[in-house]
Amino acid sequence: MQFWLDSADVRSIKRFSTAGFVHGVTTNPIMISKQSHGPEILIPELLKAFDGPLAVQVVGDMTDGMIHQAEKLYELNPRILIKIPVITEGYAAIAYLAKKNIPVLATAVFKTQQALIAASLGAQYIAPYIHYMEEQGINSLREIENMQLVLDNQGLEAELMAASVRNITLIETMAEIGVSHVTLSPEIFEQYFSSFAETVYANDSFTKHWLEYLEISA
Ligand code: G3P
């Protein structure tokens, strides 16, 4: 499974990527607006903070505007993965960008229908929003399981990237149903990668015994 960090915070990105845990980073306009620097300064800073793909979302609801922003971002750095919300105008932008081989992450996905359309048009990643699906009364597990089945059965190359993961147990649930990517907030990332007390205890006791053994054999 690939673990992406859902954050526009340079410090969090540096922290988890230096440890070697981060396959990529996803951002959204809300996260970016909460940072002290605007996108012109922030995006280059984020790119400098780690060396993998950085997903940056276009804003607005007009296909031309989305395409224009996407092309500018991709020109700035081909490590930028373009996030496009799956509204009808977004589908058209996905189709256009896919033909130009500009990688797209189709975002704000709630239904299998949206995943099927975006994947068929050439999106590379599809991001279903677990928490927001549940808020809408959608059974997120059943819906995402169905998305994965449809992508597999259609032989589509797009990969699911589960987003809005508010509980670490969902990560394994996603892994079980074949979802290959998750994007996690720094808080969830921290929780998922933290040591188990039992393992810390076992490791301490291996170390203690080894040190005792070294003392005896010295
Ligand atoms: O980046 C989009 C999505 O992952 C945000 O989810 O639950 O942190 O609002 P959430």
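Visitor: Tell me about the environment of Gly24, residues and numbers included.
Guide: Here Gly24 shows up in strand E2 (residues 24-26). On a C-alpha basis, the gap between Gly24 and Leu121 in space is 23 Å, while along the polypeptide they are 97 residues apart. Contact partners of Gly24, with chain neighbours within four places excluded, come to Gln2, Trp4, Gly52, Pro53 and Ala55.

Visitor: A description of unusual backbone geometry should follow, citing residues and the corresponding values.
Guide: Excluding glycine, residues mostly carry a negative phi; peptide bonds, for their part, are mostly trans. Positive phi, normally seen in glycine, also occurs at Ala108, with a value near 60 degrees. With respect to the secondary-structure elements, Ala108 resides in strand E5 (residues 104-109). Positive phi outside glycine occurs at Ser164, with the angle close to 55 degrees. Along the chain, Ser164 falls in the loop between strand E7 (159-162) and helix H9 (169-176). The buried category is assigned to Ser164, around which 20 C-beta atoms lie within 10 Å.

Visitor: I'd like to hear about helix H3 (residues 39-49), residue by residue, with values.
Guide: Inspection of H3 places Leu42, Ile43 and Leu46 among the buried residues, and these make up the whole buried set. Within H3, the buried residues cover an arc of 100 degrees as seen down the axis, which keeps them to one side. Turned more than 90 degrees from where H3 packs its buried face, Glu40, Ile41 and Lys48 sit exposed. The secondary structure elements touched by the buried residues of H3 are helix H1 (10-18), E2, helix H2 (29-33), strand E3 (54-57) and helix H4 (63-76).

Visitor: Could you give me a rundown of the sheet that holds E2, with the residues and numbers involved?
Guide: Strand pairing within a sheet occurs via backbone hydrogen bonds; the two strands may be parallel or antiparallel. With respect to topology, eight strands assemble into a closed barrel ordered E1-E2-E3-E4-E5-E6-E7-E8, the strand pairing being parallel. Across the sheet, the axes of successive neighbouring strands diverge by a mean angle of 30 degrees, strand direction being ignored. Inspection of the sheet shows E3 paired to strand E4 (residues 80-85) by four bridges, in the parallel sense. Within E4, the position partnered with Val56 by the bridge is Ile82. Lying over the sheet, helix H8 (residues 140-154) contacts strand E6 (125-128) and E7, oriented at roughly 160 degrees with respect to E7.

Thresholds, definitions, all that
Residues numbered from 1 in each chain as written. Predicted model: local features only at pLDDT ≥ 70, side-chain atom pairs only at ≥ 80, totals over all residues. Helix = DSSP H or I, 4+ residues; strand = E, 2+ residues; numbered from the N terminus. Contact = placed C-beta atoms within 7 Å. Buried ≥ 20, exposed ≤ 12 C-beta atoms within 10 Å, placed from the backbone. Arc of directions from axis to C-beta. Pairing = 2+ DSSP bridges. Axes fitted to C-alpha atoms, helices over the stretch in contact; angles between N-to-C directions.

Purely geometric numbers; function is a separate question.
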